[in-house]
Amino acid sequence: MMSRRIQGASFVLLAVLLLLSLASHTELDWPQTSVPQVQNLCGRFGAFISYWAFLFFGKSSWLWPAGAGVYGYFLIKGAPTEKKGASLAIFWLLLLCFTSGMLHLIWPVLGGPGGTLGMWLNVRLQYLFGQAGAALIFIFLGTIGIAGLMPAQTLKSAQEHFP
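The rules behind these values
- Residues numbered from 1 in each chain as written.
- Predicted model: local features only at pLDDT ≥ 70, side-chain atom pairs only at ≥ 80, totals over all residues.
- Heavy atoms only, no water.
- Helix = DSSP H or I, 4+ residues; strand = E, 2+ residues; numbered from the N terminus.
- Contact = heavy atoms within 4.5 Å.
- Buried < 20%, exposed > 50% of the residue type's maximum accessible area, 1.4 Å probe, protein only.
- Axes fitted to C-alpha atoms, helices over the stretch in contact; angles between N-to-C directions.
- Parallel < 35°, antiparallel > 145°, perpendicular 65-115°, else oblique.
- Nonpolar A, V, L, I, M, F, W, Y, C, P; charged D, E, K, R; others polar.
- Phe/Tyr/Trp six-rings, centres within 6.5 Å; stacked < 30°, edge-to-face > 60°.
- Expected span 1.5 Å × (residues − 1).
- Arc of directions from axis to C-beta.
- pLDDT = per-residue confidence, 0-100.
- Left-handed = near helix turned anticlockwise from the far one by under 90°.

### Observations regarding the overall build of the protein
The helix and strand inventory of the protein stands at six helices and zero strands. For the protein, the succession of helices and strands along the chain, N to C, is α-α-α-α-α-α. The contacts in the protein between residues at least 6 apart in sequence include a share of 65% that link residues at least 24 apart.

As structure tokens, this is what we get:
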């Protein structure tokens, strides 16, 4: 079994790779096969990752390197983590749904900043609940996602200050 520091360093390196891939994304890269040389700093792999991330998640793709980097930092520092990886992943996905959905709700254009996920969620939720209902559901998802990612100690201290 890998030590926490090696796992943490792996997550930090993954965050750097994702950050470089997303930051150097250009529309001319993959899947445009007519371009002889890929412009992405991480090569064809980075072009592949950034293309699909922006297509599916839109601007919410920037949460992936942030989440991997923060998680890696906590593993390296040996910070106590009460939550297991599966529960963190669920809360992180709720946060991604919130950001993608809200971005598409604010800017409802095809291929807009919410990506395919935001568009799909909005079409379904607005059909069922209307625009205001969809916004409330996205706010609820974001609140649950953020609260679930917070350490339990932070939530306990907040309960003490606001009974």
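### A word on the environment of Gly148
Its place among the elements puts Gly148 in helix α5 (residues 115-149). Accessibility expressed as a relative area gives 6% for Gly148, which makes it buried. Taking the C-alpha atoms as reference, Gly148 lies 8.3 Å from Trp92; in sequence the two are 56 residues apart.

### Looking at the packing of helix α2 (residues 43-57) against α5
Direction vectors running N to C along α2 and α5 enclose 20°, while the axes themselves pass 2 Å from each other. Relative to α5, the element α2 is oriented roughly parallel. Of the residues in α5, those in contact with Phe54, Leu55, Phe56 and Phe57 of α2 are Gly115, Thr116 and Leu117. By residue class, the composition of the contact of α2 with α5 is five nonpolar, two polar and no charged.

### Looking at the packing of aromatic side chains
For the structure shown, the criterion picks out six aromatic pairs. Consider the rings of Phe11 and Tyr71, whose centres lie 4.9 Å apart with planes at 85°: the pair is edge-to-face. With a gap of 60 residues between them, Phe11 in helix α1 (residues 4-23) and Tyr71 in helix α3 (residues 63-77) connect regions that are remote in the sequence. Consider the rings of Tyr73 and Phe74, whose centres lie 5.9 Å apart with planes at 55°: the pair is tilted. Judged by relative accessible area, Tyr73 falls into the partly exposed class, the value being 47%.

### Focus on α2
The end-to-end C-alpha separation of α2 is 21 Å, in line with the 21 Å expected for 15 residues at 1.5 Å each. Gly46, Ala47, Ser50, Ala53, Phe54 and Phe57 are the residues of α2 that are buried. Looking straight down α2, one finds its buried side chains confined to an arc of 145°; they lie on one side. Following α2 by one or two positions, Gly58 has its phi on the positive side, about 65°.

### With respect to the confidence of the model for the protein
When pLDDT is averaged along the protein, the result is 84; 85% of the residues meet or exceed 70. Mean pLDDT values for the elements of the protein range from 59 in helix α6 (residues 152-161) up to 93 in α1.

### A few points about the side chain of Ser60
By the element assignment, Ser60 lies in the loop between α2 and α3. The class for Ser60 is buried, based on a relative accessible area of 2%. Those residues within four positions of Ser60 in sequence are excluded, and the remaining contacts are Leu96, Thr99, Ser100, Leu103 and Pro113.

### As for the packing of α1 against α3
For the pair α1 and α3, the least separation of the axes is 7 Å and the interaxial angle reads 160°. With respect to their mutual orientation, α1 and α3 come out roughly antiparallel. Crossing hand, α1 versus α3: left-handed. Residues Arg4, Arg5, Gln7, Gly8, Ala9, Phe11, Val12, Leu14, Ala15, Leu18, Leu19 and Leu22 of α1 form the contact with α3, whose participating residues are Trp64, Pro65, Ala68, Gly69, Tyr71, Gly72, Tyr73, Phe74, Leu75 and Ile76. Here the residues of the contact of α1 with α3 sort into 16 nonpolar, four polar and two charged.

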